[in-house]
Every structure is written in structure tokens, then in C-alpha cells.
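# Overview (structure and organization)
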Amino acid sequence: MNAVLDNFLVAAVLLVSLGYALLKLGPRTLRKRILGQLSLILAAAPAFLKLAGVAQRLSAASGKNQAACGGCDTCGESSPAPQSQAEINVPIAKIGRRN
């Protein structure tokens, strides 16, 4: 029985590793499709497993267009970055050369 359990555990770890590699190294369209299908599967799970929240998060992750950097999703917009009160602005003309 130990050999069967060992083989099952090794196969499960290999499948998890393959899934992780597909999600992280695969194209984004594949990632979105995998997350979308996984959210549908989890949404169809019985209610006593309480996987509805996880399914909603996966569904949101599969439909969201992320920026290239994974940040604010405002790439290419001409709006300036918000400036804090602690930031000091010095005009370039007032900066002298060092000798």
C-alpha cells in the first residue's frame, strides 16, 4: 500500500508543478482561459465546500486586463502621477553645474 500512496503523491506533485509552470510561463491568453475554466469548475462545486469566494476571485482574475508591469493599468495615458505634499520641485534652470 505504501508504494501506491508514494506513487500517487509523486504524481500529484508533478501535476501541481506542471500546472504552475503553465500558469507562470505560458501565454497570458492560456492563463486567462485556465483561470476562467477553473472558476467555472469551482462555482459548480457543492455548497458545503464553500468555494464560491475562490471561484469569484478566479473569475475576476481571468477577466482583468493587467498592465505590462502588473501595476496601475494606466499605461499610455497622459495623466501625471499624483504628487504628495512632501515632494519638492526644483526648476531645472536653478540647478547649477558641479565643477
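Look up a bit, the structure's there.
The structure contained in this document is the topic of the report that follows.

The rules behind these values
Residues numbered from 1 in each chain as written. Predicted model: local features only at pLDDT ≥ 70, side-chain atom pairs only at ≥ 80, totals over all residues. Heavy atoms only, no water. Helix = DSSP H or I, 4+ residues; strand = E, 2+ residues; numbered from the N terminus. Buried < 20%, exposed > 50% of the residue type's maximum accessible area, 1.4 Å probe, protein only. Contact = heavy atoms within 4.5 Å. Expected span 1.5 Å × (residues − 1). Arc of directions from axis to C-beta. Polar contact = N/O pair within 3.5 Å; in protein donor to acceptor, adjacent residues only side chain to side chain.

### Let's talk about the side chain of S39
- You can see S39 is positioned in helix α2 (residues 28-43).
- Overall, S39 belongs to the buried group, its relative accessible area being 7%.
- Contacts of S39, omitting those with residues within four sequence positions, involve A55, L58 and S59.

### Quick notes on helix α3 (residues 52-63)
- Given a rise of 1.5 Å per residue, 12 residues ought to cover 16 Å, and the 17 Å separating the end C-alpha atoms of α3 matches this to within 8%.
- Every buried residue belonging to α3 is among A55, L58 and S62, and all of these are buried. For α3, the arc enclosing every buried residue in end-on projection is 65°, short of the 170-degree limit, so these residues lie on one face. In α3, the exposed positions angled more than 90 degrees off the buried face are occupied by Q56, R57 and G63.
- Packed against the buried residues of α3 are α2.

### A few points about the side chain of S62
- The residue S62 is located in helix α3 in this model.
- The buried category is assigned to S62, whose relative accessible area is 15%.
- Separated by 2.9 Å, the side chain of S62 and the backbone oxygen of S59 make a polar contact.
- In this structure S62 touches K32, L35 and G36, once residues within four positions along its chain are discounted.

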